[in-house]
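# Coordinate inspection notes
Chain by chain, the residues run as shown.
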Amino acid sequence: MNAGELADKTEHVPASEHLRHAAKHAVDHAAHYLPVQGPIGVFIHHNTLHAFQHLPFEDAVQQAARLFDTEPFMTEAAFRKEFAARRIRAKDLDVILAREADADIIPKQLSRNQLRRALLDPGLRTITEANFEWLLDEEGLLDRLRDDLSADARQAVLNGQAESKATHDLFAACFHRQSPQANAPISPVRPRDAVLVRHGLDTDETINAWLIRLSAAFFDQGLAYWTMPLREKGFYPAVRALFSRSGWLPPALLSGVENAFQSQAAKHKSAEQVVTDALTKFNVAPEEWEALLIAELLSLPGWAGLMRKLENEPELAPHQQLPCSLMDFLAVRLTLTIAACENAASSQIWKQWRQPCAPAPLTEAQQMAQAARLFDAAQLLGLSAERINALSSDEFNLLRAEINGFYDWERRRVWHLAYEYRHEQEILRPLLTHRATIDPRRPAHRPSAQVIFCIDEREESIRRALEEIDPSVETLGAAGFFGVAIHYQGQDDAHGAAFCPVVVKPQHAVFERPHADHQALAEKRQSRRKLWANAANHGFIGSRTLLRGALGSLTTGWLAAFPLVTRILIPRHAGGWYSRLGDALLPAPLTELAMERDGEEKAGSLLKGFSIQEMADRIGGTLRAAGLTENHARLVTILGHGSTSLNNPHESAHDCGACGGRRGGSNGRLFAAMANHPPVRERINAMGVIIPTDTWFVGGYHDTANDVVELFDTAAIPASHTADFARLSESLDRAREANALERARRFEAAYRAQTPLDGLRHVEERAEHLAEPRPEYGHCTNAVCIVGRRSVTRGLFLDRRAFLISYDAERDPENNSLAAILGAAGPVCAGISLEYYFSFVDNERYGCGTKLPHNVTGLMGVMNGHASDLRTGLPWQMVEIHEPVRLLLIVENTPEKVMEAVRRSAEVTELVTNRWIRLVAMEPATGAIHVYRNGVFEPITETVKLPEIATSSAWFRGKLEHLPIARVTATAAHASSAR
């Protein structure tokens, strides 16, 4: 909003109100650039650059890199390493350059694409004034080049070496013909910049240190012995009260800030007024406030982002909800800024702090570095000194502009597109080959069992293993909340939480309650939990006091040694012991889900449970979208997932993204209970989803860290299904062992894992190990999402890289199911993919660096050491083997119907049209594949020989790297014959 628009909107508003409105508007807009990560216990994957999603991907990452001082792509050295390993090939670079606009640089001699191709292979060195002299020495160029150029005495030092003379002459030509580009003036964006440039003092060092302590104390959810006084009134009132107290000794740079807070309190100023006053004092026009506030907030984006997140979603707080406000945060920050700047530079700073500072003149090294860039390119192009000197001024300037324009980020952009193109070809061509050899129709025979997994790419391997072990089993994939968006509260939960994608808001509350005949056991369990909680709380508090802490350490401190030692030396056995001990001390009663609503019964603002029709709509809709409208097995299992590990602050990041960063077992259990409910079954059948009367649904949970599979409510399974259940249970046990062995291949510490049981023991040990930084690798292999029939991917080794969503276009004539799938799962899968991309390409700034220095603060997040900004994004140990490519979304439907479904969701449309995900359509009838590029679908026609393997383990055994697609012959043959 410009000043004129603001004036129109506030024409009849007093001047002070006008400014406060402008300040609020600027704060709201500046907040878009902050991380949206909530408390770490409910880690939800999202697009790190959500504020730039309205821009094309390649433009967005570079704009963000300039704003955040980050990297937009992998380094050129990393791309060259991939080129050497043939992960990128020369023809991939040719394909990418051929798609881009070409132009003549030197008529009939050199075009833009020829220039770029020459510079990519072998490519320019990255030359700066800092490393220029080192490069000269490293490359064996003339040691006395600087003296030679200034004294024009090249012949005296060449010693008759013709090759050295030519090199010398070429550099001299580049140096003398260039017009060195001067350094740009330095324009301070915020007061701190002016103080730093003019006085050499960084006020952020003091201000941020205090804001970190204050923010950590304010957000604390139970780790601190004393809570921050008055924090229930908000951050700014609490800080103002603290600073206004007598006896406070501020550092010299903040001298007098207590008087400022006292004055604000005396005048009863709100945070909004304080921010407005500060911005006015800075002598900045309202239309420029947003840029200044963005810069201020980005000096501590983690803490500021958490403040904003909990301002909008206070229910995410682990325990105590607090009145969070980004305006409060800014009121404190700007008050400290005013004090610090005035102490550093006097109060006169506000009159002239925005004046640009004269740039330093170009040094000789900088001038030579600019020439060296041209020199490097000229060598690669085979241009001699004579040819450079013969160019006209226009030709020389155009050549230099093209070379400078294809420097660093632009080269890395082309490398990245080639990197993704190779990935695309190695997925689509094998898929096209496989599709041409199969009958995609669902099996005519009735499967022995069906298991519906979450779409999570980590479930691809256990699905494949289950089908290898028992080919009569059919597996399917659906978003892990299984269409039942709920606000769920388990029997041991202090409060409920949303179990659904972040783009969905639950309208129904579901509670876990004990069976009537287990009520006494439930009460006994709760009383013991309270006793334990009270004892733990007293011990926690006592350990922080002088007397009780000392006595406790002397008398009972030695007890801590036993779990510490066992959790490190024998973690798997220790985990089993403590689990059995917990079961003995806290026996679990049989429970059920309160899922059926009586009339319009409510739980707060939510409806309590579901009506029969609502249940039928959700169960029928999910089954229809997956293509399960008929031919159901006698046993259908709905398997949610989550992850359990020890001493892992990022544990929630391994949970189910479709369940809002929580464990999806409750959703699977609820789905099965609804589907077994006779009145619901009648409604579902009436909707055209015909479920046989002998079909029974079982809910379950798969732990992706230790590969435990737990099935719920098994006592209710009819006796007639005992044999079916025993067969499926045995197959699932074998499948989880095979899955564990496949997972273990990625861990260098698993070298002893030779059998499936060895693999299972290894992953169980990792999940229970106190010092294990990689209990599992999470989504680090994600790269593809396939929406279509299982027959298209059944029998293919996809290396745990593909989200698999079951969908049958033939059963979706109006495209409603596809639109719903893409609208819910599209942003979830894209968010996972993009978070891993950015956390990999710049792990220190988009990610949170290595786990080694992390400390949990206030149960809200992690800091480096005892005090730092709140670290957002993913640690290196979660992304180190990731390939940073945008998600390749393959949808089995015609291009026209795919785009029609995409356009029904504004967010999915934005992701596709701005290239944050790559879209592919696969024709259901023919299997033809078309890739969406620049607004049109282009066909893929080239197939490839597909490796055939007897078992998955024969393909992956002994290998750490990402593996290409292969076909498991036994599974594929069974799928083809069962027609």
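Model, not experiment: these values are computed from the prediction.

### Let's talk about the overall build of the chain
Helix and strand content of the chain: 39 helices and 24 strands. Here the C-alpha radius of gyration of the chain, 32 Å, is about what a compact globule of 979 residues would show, namely 30 Å. With the C-alpha coordinates of the chain rotated into their principal frame, the extents come out at 100 × 75 × 65 Å. Residue pairs at least 24 apart in sequence account for 74% of intrachain contacts in the chain once pairs closer than 6 positions are excluded.

### With respect to the environment of Leu635
Mapped onto the elements, Leu635 comes out in strand E11 (residues 635–642). For Leu635, a relative accessible area of 0% gives the class buried. Sequence spacing of Leu635 and Thr363 is 272 residues, and the spatial spacing of their C-alpha atoms is 77 Å. For Leu635, the contacting residues outside a window of four places in its chain are Ala449, Gln450, Trp696, Val698, His721, Asp724, Phe725 and Leu728.

### Remarks on the side chain of Ser111
One can find Ser111 in strand E2 (residues 110–111). You can call Ser111 buried: its relative accessible area is 10%. When neighbours within four sequence positions are excluded, Ser111 is seen to be in contact with Asp102, Ala103, Asp104 and Ile105.

### Re the environment of Asp94
By the secondary structure assignment, Asp94 is in helix H5 (residues 90–98). With 710 residues separating them in the primary sequence, Asp94 and Leu804 have C-alpha atoms 32 Å apart.

### What about the state of the cysteines?
Joining two cysteines, a disulfide is a covalent bond between their sulfur atoms. According to the stated counting rule, one finds zero disulfides in the structure shown. Cys656 provides the cysteine sulfur closest to Cys454, a residue in no disulfide bond, and the two sulfurs are 4.0 Å apart. With no disulfide of its own, Cys780 lies closest to Cys848 among cysteine sulfurs, the gap being 15 Å.

### Observations concerning the packing of aromatic side chains
Scanning the model with the defined rule gives 26 aromatic pairs in all. An angle of 75 degrees between the planes, with centres 5.6 Å apart, marks the rings of Phe57 and Tyr837 as edge-to-face. Taken together, the residues Phe57 in helix H3 (residues 57–68) and Tyr837 in helix H34 (residues 816–841) connect sequence positions 780 residues apart. On the basis of relative accessible area, Phe57 is assigned to the buried category, the value being 0%. Cluster of aromatic residues (ring-pair linked, three or more members): Phe57, Tyr837, Phe838, Tyr846 and Trp916. Above the plane of the ring of Tyr407 lies Arg373, whose end atom (NZ or CZ) is 3.6 Å from the centre. Directly above the ring of Phe499 sits Arg662, whose terminal nitrogen or CZ lies 5.9 Å from the centroid.

### A short note on the pairing of strand E18 (residues 861–864)
Relative to E18, strand E17 (residues 854–857) is paired through four bridges, and the arrangement is antiparallel. Across the sheet, the residue bridging to His854 is Asn864, located in E18. The loop that links E17 with its antiparallel partner E18 comprises three residues; one of these, Gly858, has a positive phi angle of about 60 degrees.

### Remarks on the pattern of salt bridges
Oppositely charged side chains are able to pair whenever their charged atoms sit close together. Inspection of every chain in the model, using the stated rule, returns 70 salt bridges. Taking the shortest distance from any N to any O, the salt bridge between Arg192 and Asp202 comes out at 2.9 Å. With Arg192 in helix H11 (residues 191–199) and Asp202 in the loop between H11 and helix H12 (204–219), the pair connects residues that are 10 residues apart, well separated along the chain. Between Arg413 and Glu410 there is a salt bridge, with the nearest N and O atoms lying 2.7 Å from each other.

### Let's talk about the sheet that holds strand E16 (residues 802–806)
Taken in spatial order, the six strands make up an open sheet running E16-E14-E19-E20-E21-E22, and their pairing is mixed. Two strands close off the open sheet at either side, each with one partner strand: E16 and strand E22 (936–940). Ignoring strand direction, the axes of neighbouring strands in this sheet form an average angle of 20 degrees. Bridge analysis of strand E14 (residues 784–788) against E16 gives five bridges, and the strand direction is parallel. The partner of Val787 across the bridge, within E16, is Ile805. Running at roughly 135 degrees to strand E20 (residues 918–922), helix H36 (residues 895–902) makes contact with strand E19 (888–892), E20, strand E21 (929–933) and E22 of the sheet.

### Some points on the packing of helix H13 (residues 235–244) against helix H18 (residues 326–345)
At their nearest, the axes of H13 and H18 sit 7 Å apart, and the two run at 35 degrees to each other. Here H13 contributes Phe235, Tyr236, Pro237, Val239 and Phe243 to the contact with H18, which in turn contributes Asp328, Phe329, Ala331, Val332 and Leu336.

### Topic: unusual backbone geometry
One non-glycine residue, Arg86, lies in positive phi territory at about 65 degrees. Looking at the element boundaries, Arg86 is found in the loop between helix H4 (76–84) and H5. Notably, Asn815 is not glycine yet its phi reads approximately 70 degrees, a positive angle. Following the sequence through the fold, Asn815 ends up in the loop between E16 and H34.

### Section: a nonpolar patch on the surface
On the surface, a cluster of nonpolar side chains totalling about 660 Å² of accessible area is made up of Phe562, Leu564, Val565, Ile568, Leu569, Ile570 and Trp577. Looking at the nonpolar patch, the element that brings in the most residues is helix H27 (residues 561–569), giving five residues.

### Digging into the confidence of the model for the chain
In this model, the chain carries a mean pLDDT of 90, and residues with pLDDT of at least 70 account for 94%. Contacts from residues 1–13, a stretch scored under 50 in pLDDT, to residues over four places away or in other chains number 12 contacts.

### So, the sheet that holds E11
Read from one edge of the open sheet, five strands run E4-E3-E11-E12-E13, paired in mixed fashion. A strand with exactly one partner marks an edge of an open sheet, and here the two such strands are strand E4 (473–478) and strand E13 (709–711). The average undirected angle you get between the axes of adjacent strands in this sheet is 25 degrees.

### Focus: the nonpolar core
Of all hydrophobic cores here, the largest spans 173 residues; its most connected members are Val787 and Phe838. For this core, the element with the highest residue contribution is H34, accounting for 15 residues. What Val787 contacts, discounting residues up to four positions off in sequence, is Ile805, Tyr807, Leu818, Ile821, Leu822, Leu889, Ile890, Val891 and Glu892. The next biggest cluster of nonpolar side chains, apart from the first, holds 68 residues, and it includes Ile212, Leu306, Leu334 and Met863.

### Thoughts on the pairing of E20
In terms of burial, E20 is largely enclosed, as five of its five residues are buried. By the alternation rule, side chains of E20 split into Arg918, Val920 and Met922 and Leu919 and Ala921, which are all buried. Of the pairings in the sheet, the one linking E20 to E21 comprises three bridges and is antiparallel in character. Bridged to Val920 within E21 is Val931.

About the cut-offs
Along each chain, numbering runs from 1 in the same order as the chain's sequence is written. Given that the model is predicted, a residue must reach a pLDDT of at least 70 before its local features are reported, and side-chain atom pairs must reach 80 or more before they are shown or counted; all residues, however, enter totals for whole chains, interfaces and linings. Calculated side-chain values reflect all of the structure's heavy atoms, with hydrogen atoms and water omitted. Helical segments are the DSSP runs of H or I of at least four residues, strand segments are the runs of E of at least two, and each set is numbered from the N terminus. Computation of the radius of gyration draws on C-alpha atoms alone. For the globule rule, the value is 2.2 Å times the number of residues to the power 0.38. Should any heavy atoms of two residues lie within 4.5 Å, those residues are considered in contact. Remark: exposure states derive from per-residue accessible area (1.4 Å probe, protein chains only) relative to the maximum for the residue type, with buried under 20%, exposed over 50%, and partly exposed in between. Put simply, a disulfide is two cysteine sulfurs that come within 2.5 Å. Within 6.5 Å between ring centres, the rings of Phe, Tyr and Trp (the latter by its six-membered ring) count as paired, and their orientation is classed by plane angle as stacked under 30 degrees, edge-to-face over 60, tilted in between. For a Lys NZ or an Arg CZ to count as sitting over a ring, it must be within 6 Å of the ring centre and within 35 degrees of the ring normal. For two strands to pair, DSSP has to find at least two bridges joining them. Note on definitions: salt bridges are taken to be side-chain nitrogens of Lys or Arg within 4 Å of carboxyl oxygens of Asp or Glu. Fitting a line to C-alpha atoms yields each axis, with helices limited to the stretch in contact; the angle taken between N-to-C directions then spans 0 to 180 degrees. Put simply, a patch holds well-exposed residues, over 30% relative accessible area, that have no salt bridge, with like charges counted together within 9 Å and Val, Leu, Ile, Met, Phe, Trp or Tyr side chains within 5 Å. Per-residue and other accessible areas were derived by the Shrake-Rupley procedure at a 1.4 Å probe size, with only the shown protein chains allowed to occlude residues. Note: pLDDT gives the predictor's confidence per residue, expressed from 0 to 100. By nonpolar core is meant a set of buried Ala, Val, Leu, Ile, Met, Phe, Trp, Tyr and Cys residues that side-chain atoms within 4.5 Å join together.

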